[in-house]
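Chain by chain, the residues run as shown.
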Amino acid sequence: QEQLVESGGGLVQAGESLRLSCAYSEIIFRRHAMGWYRQAPGKERELVATITNGGITTYYVNSVKGRFTISRDNAKNTVFLQMTSLIPEDTGIYYCNYGDVGMARRAYWGQGTRVTVSS
């Protein structure tokens, strides 16, 4: 079974940084774009950032552009999300999965990692 284990979340103040990690167990993820998603309290899960399988091309939702950086290390089966200049609106549970939303919708989801940004 596919496994995704997210880590690195925590409670921080506005303006601070966090680095999230996602370890995946299946080599199949290496062949696909990966993404970070977040679910804010009371809201639906949204795609935040994606990275192609080779790590060349990235995408960011407008609200995080210039503040977040997605990267991956295929040799270590890990995807990262470096978050800087955090704001309270970044609060939520962060998950990683396929970067293709359709594929992710049908896939296994991990527990996520909680990020709380206080003002």
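Note: the structure precedes this text.
Structural notes, computed from the coordinates. What you are looking at is a predicted structure, and each value in this text was computed from that prediction instead of being measured.

Cut-offs used in this document
- Positions within a chain are numbered from 1, following the residues in the order the chain's sequence is written.
- In keeping with the model being predicted, local features are shown solely for residues with a pLDDT of at least 70 and side-chain atom pairs are shown and tallied solely at 80 or more, while totals for entire chains, interfaces and linings include all residues.
- For the side-chain quantities, the full set of heavy atoms in the structure was used; hydrogens and water were omitted.
- When DSSP locates at least two bridges between a pair of strands, those strands are taken to pair.
- Counting from the N terminus, the helices are the DSSP runs of H or I reaching at least four residues and the strands are the DSSP runs of E reaching at least two.
- Only the stretch in contact is used when a helix axis is fitted, and all axes are lines through C-alpha atoms; the angle between N-to-C directions ranges over 0 to 180 degrees.
- We call a set of buried residues a nonpolar core when its members are Ala, Val, Leu, Ile, Met, Phe, Trp, Tyr or Cys and they connect through side-chain atoms within 4.5 Å of each other.
- Only protein chains enter the area calculation, which uses a 1.4 Å probe; residues under 20% of their type maximum are buried, those over 50% are exposed, and those in between are partly exposed.
- Two residues qualify as a contact provided that any one of their heavy atoms is within 4.5 Å of a heavy atom in the partner residue.
- Note on aromatic pairs: the rings of Phe, Tyr and Trp (six-membered ring only in Trp) are paired at centre separations within 6.5 Å, and the planes decide the class, stacked below 30 degrees, edge-to-face beyond 60, tilted for the rest.
- Positive: Lys, Arg. Negative: Asp, Glu. His and the chain ends are not part of the count.
- Salt-bridge detection follows one rule: a side-chain nitrogen of Lys or Arg within 4 Å of a carboxyl oxygen of Asp or Glu.
- Identification of polar contacts relies on pairs of N or O atoms within 3.5 Å, with a donor-acceptor requirement for protein atoms, meaning one able to donate a hydrogen and the other able to accept it, and with residues adjacent in sequence counted only if both atoms are side-chain atoms.
- When the sulfur atoms of two cysteines come within 2.5 Å, that pair is taken as a disulfide.

Describing the sheet that holds strand β4 (residues 34-39)
Part 1: The mixed open sheet is built from six strands, whose spatial order is β2-β10-β9-β4-β5-β6. Both outer strands of the open sheet, β2 (10-13) and β6 (58-60), are each paired with one neighbouring strand and no more. If you compare each strand with its neighbour and ignore which way they point, the axes differ by 25° on average.
Part 2: The pairing of strand β5 (residues 46-51) with β6 spans three bridges and is classified as antiparallel. Across the sheet, the residue bridging to Ile51 is Thr58, located in β6.

Things to note about the nonpolar core
Part 1: By size, the foremost hydrophobic cluster in this structure holds 32 residues, and its most contacted members are Trp36, Phe68, Ile70, Leu81, Met83 and Tyr94.
Part 2: Secondary structure elements with two or more residues in this core: β3 (18-24), β4, β5, β7 (68-73), β8 (78-83), β9 (92-98) and β10 (113-118).
Part 3: Top element by residues in this core is β9. It accounts for five residues.
Part 4: The residues contacting Leu81, other than those within four sequence positions of it, are Leu18, Arg19, Leu20, Trp36, Ala49, Phe68, Thr69, Ile70 and Tyr94.

Structural notes on the packing of aromatic side chains
For any pair of aromatic rings, the description consists of the separation of the ring centres together with the inter-plane angle of the planes.
Part 1: This structure, assessed with the given rule, holds four aromatic pairs.
Part 2: Judged by centre distance (5.1 Å) and plane angle (80°), the rings of Tyr37 and Trp109 are edge-to-face. One end of the pair, Tyr37, is in strand β4; the other, Trp109, is in the loop between α1 (101-105) and β10, with 72 residues separating them in the sequence. Here Tyr37 matches Trp109 in class, with each residue buried.
Part 3: Each residue in the set Tyr24, Phe29 and Tyr98 is aromatic and connected to the rest through ring pairs, giving one cluster.

Brief notes about the side chain of Glu6
Part 1: Take Glu6: it is sitting in strand β1 (residues 4-7).
Part 2: In this structure Glu6 is buried but unpaired, with Arg45 as the nearest side chain of opposite charge at 7.7 Å.
Part 3: A polar atom in the side chain of Glu6 sits 3.1 Å from the backbone nitrogen of Cys96.
Part 4: At 2.9 Å, the side chain of Glu6 forms a polar contact with the backbone nitrogen of Gly112.

What about the pairing of β5?
Part 1: Note: β4 against β5, five bridges, orientation antiparallel. By the bridge assignment for β5, Arg38 is matched with Glu46.
Part 2: Hairpin geometry of β4 and β5 is characterised by an intervening segment of six residues between the two adjacent antiparallel strands and by a positive phi of about 75° at Gly42.
Part 3: In sequence, β5 turns back onto β6 through a hairpin of six residues, with Gly55 there showing a positive phi of about 80°.

Structural notes on the state of the cysteines
Part 1: In total, this model carries one disulfide according to the counting rule given.
Part 2: Between Cys22 and Cys96 runs a disulfide, and the two sulfur atoms are separated by 1.7 Å. In this structure the cystine formed by Cys22 and Cys96 twists about its S-S bond by roughly 40°; its chirality is therefore right-handed. Pair noted here: Cys22 is in strand β3 and Cys96 is in strand β9, with a separation of 74 residues, a long-range link. Pair check on accessibility: Cys22 and Cys96 agree, each one buried.

That's the geometry; what it means functionally is another story.
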